[in-house]
Amino acid sequence: MIPISLRMKFDNSVMLMAYLKGGSTLYRSFLLIVGLLLIPINGLASSEEDIVEQRMSYYTQFEEELIPWHFLAAIDQYERNLQTVRKDIPKREGFLAIQFSDEYWSGALNPEKNDTIPETICYFDGMGMDGNGDGIASRQDDTDVIVSMAHYLSKFGTTDEDFKLALWEYYGSEEAVNQIFAIANLYQHFKTTLLDAHTFPIPTRYDYSYKGTWGASRGWGGRRIHEGTDIFAGYGTPVVSTSYGVVEVKGWNQFGGWRIGIRDNHNSYHYYAHLGSYHKDITVGDIVEPGTVLGYVGSSGYGKEGTSGKFPPHLHYGIYKFNGRSQWAFDPYPSLLQWERQAKKAT
Ligand SMILES: [Zn+2]
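- Where an unreviewed UniProt entry is consulted, the protein chain appears under the name Peptidase M23, with the organism given as Lysinibacillus piscis.

See the structure below:
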């Protein structure tokens, strides 16, 4: 019998009735399996934590094959990030966001673009697999999708380098590889995918001021519009990371002076410029979280290395989103207002 707790979760009463009425053992086993697979869909996945937990159960199934959960989780999150900003990519229904193209799923030369027959998919060298044992390789099925992706990764091996190569083959883009690898690093480090918290880049107990200056023309370096928000504060005021992320860039840039770039788990690159100095412990590749001190406010930039004092001290903060094709700036001002409110409430 099915334990009571499980039965409670069966929303599909027809299936439950069919199960209780009997039938062949094989048929009953089949219904049980289908029923168990339906639990994630019909179960009470109301809160964000529940959804995160459900997703995790998909990622962690391949430990025996030594495919780290954070590899699969990072690919899934990367694709979810794309689907939130790209109008030409449909949002995938279900717990997972991974979407295979016709070509990848069915095989490039397969005349049936939406093939679901494992044998013909295999014949045409497609990646689609039947993961849940229902005889169909369906892109609509989360289990089929995750098993297909895990199988693809396993062909390359299980190390970080193997993973990068698999990503390169699949996405054909260095930016995609870097972005997904950064997400995987964060997930592995923090042992969770719940990394959505943010904070204001200046601890709110310090004096600072800022306003929305998106698109204003700049004073130096030709015709560039202002892609970010300037937060004015005194020399030496700490600058903290607004997000979870990996330090991607650190060093001098003629426009930004001493700047630092952080890649987060939402395909965003956070850019902190005109610093007076860096925090002594921060180096490229480091993992940071909201509130980690990156450096200190200054007025560096607008010239050769070490140039300083050409404008009042401030932090220039920008966010660039990678959408799978290009990286574009978006106005961080609304987010800053929100993070500031949250930071003030927390103190
Ligand atoms: Zn600025």
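**Some details on the overall build of the protein chain**
Here comes step 1: Secondary structure assignment for the protein chain yields 11 helices and 10 strands.
Here comes step 2: Burial analysis of the protein chain (347 residues in total) assigns 37% to the buried set.
Here comes step 3: Partitioning the contacts of the protein chain with sequence separation of at least 6, the portion at a separation of at least 24 is 54%.

**Focus on the environment of Lys 164**
Here comes step 1: Here Lys 164 lies in helix α9 (residues 160–171).
Here comes step 2: For the pair Lys 164 and Phe 71, spaced 93 residues apart in sequence, the C-alpha to C-alpha distance is 9.8 Å.
Here comes step 3: Ignoring any residue separated from it by four or fewer positions in sequence, one finds Lys 164 in contact with Val 177 and Phe 181.

**Some points on the nonpolar core**
Here comes step 1: Counting 63 residues, the largest nonpolar core has Leu 72, Ala 74, Val 239 and Tyr 272 as its most contacted members.
Here comes step 2: When residues of this core are assigned to their parent elements, the largest contribution, eight residues, is made by helix α5 (residues 69–85).
Here comes step 3: Each of domain 2 (48–99 + 139–190) and domain 3 (208–346) gives at least three residues to this core.
Here comes step 4: If we ignore the near neighbours within four places in the chain, the residues touching Val 239 are Pro 201, Ile 202, Tyr 272, Leu 275, Leu 294, Gly 295, Tyr 296, Val 297 and Leu 315.

**A word on helix α4 (residues 48–59)**
Here comes step 1: Compared with an ideal rise of 1.5 Å per residue, which puts 12 residues at 16 Å, α4 spans 17 Å between its outermost C-alpha atoms and is within 8% of the ideal.
Here comes step 2: All buried positions along α4 are accounted for by Arg 55, Tyr 58 and Tyr 59. The buried residues of α4 occupy one face: seen down the axis, they fall within an arc of 95°. Exposed residues lying more than 90 degrees from the buried face of α4 are Glu 49 and Ser 57.
Here comes step 3: Structurally, α4 contributes buried residues whose contacts are with α5 and α8 (142–154).

**Topic: the packing of α5 against helix α10 (residues 174–190)**
Here comes step 1: In the contact formed by α5 and α10, the axes pass within 8 Å of each other and the chain directions differ by 130°. The angle between α5 and α10 places the two elements in the oblique class. Where α5 crosses over α10, the handedness of that crossing is right-handed. Counted together, His 70, Phe 71, Ala 73, Ala 74, Ile 75, Gln 77 and Tyr 78 of α5 and Gln 179, Ile 180, Ile 183, Ala 184, Tyr 187 and Gln 188 of α10 form the full contact between these two elements.

**Quick word on the packing of α5 against α8**
In a pair of packed helices, the angle between the axes and the distance between the axes together describe the arrangement.
Here comes step 1: Contact geometry of α5 with α8 gives a least axis separation of 11 Å together with a crossing angle of 120°. In this view, α5 runs oblique relative to α8, as classed from their interaxial angle. Considering the relative orientation of α5 and α8, their crossing is right-handed. Within the contact between the two elements, α5 uses Phe 71, Leu 72 and Ile 75 and α8 uses Ile 146, Met 149, Ala 150 and Leu 153.
Here comes step 2: Of the residues belonging to the contact of α5 with α8, the class tally is seven nonpolar, no polar and no charged.

**Some details on α10**
Here comes step 1: End to end, α10 covers 24 Å across 17 residues, agreeing with the expected 24 Å (1.5 Å per residue, within 8%).
Here comes step 2: Every buried residue belonging to α10 is among Ala 176, Gln 179, Ile 180, Ala 182, Ile 183, Ala 184, Leu 186 and Tyr 187, and all of these are buried.
Here comes step 3: Two residues or fewer past α10, Lys 191 is found with a positive phi of approximately 55°.

About the cut-offs
Residues numbered from 1 in each chain as written. Predicted model: local features only at pLDDT ≥ 70, side-chain atom pairs only at ≥ 80, totals over all residues. Helix = DSSP H or I, 4+ residues; strand = E, 2+ residues; numbered from the N terminus. Buried ≥ 20, exposed ≤ 12 C-beta atoms within 10 Å, placed from the backbone. Contact = placed C-beta atoms within 7 Å. Core = buried A, V, L, I, M, F, W, Y, C linked by C-beta atoms within 7 Å. Domains from an automatic or database assignment. Expected span 1.5 Å × (residues − 1). Arc of directions from axis to C-beta. Axes fitted to C-alpha atoms, helices over the stretch in contact; angles between N-to-C directions. Parallel < 35°, antiparallel > 145°, perpendicular 65-115°, else oblique. Left-handed = near helix turned anticlockwise from the far one by under 90°. Nonpolar A, V, L, I, M, F, W, Y, C, P; charged D, E, K, R; others polar.

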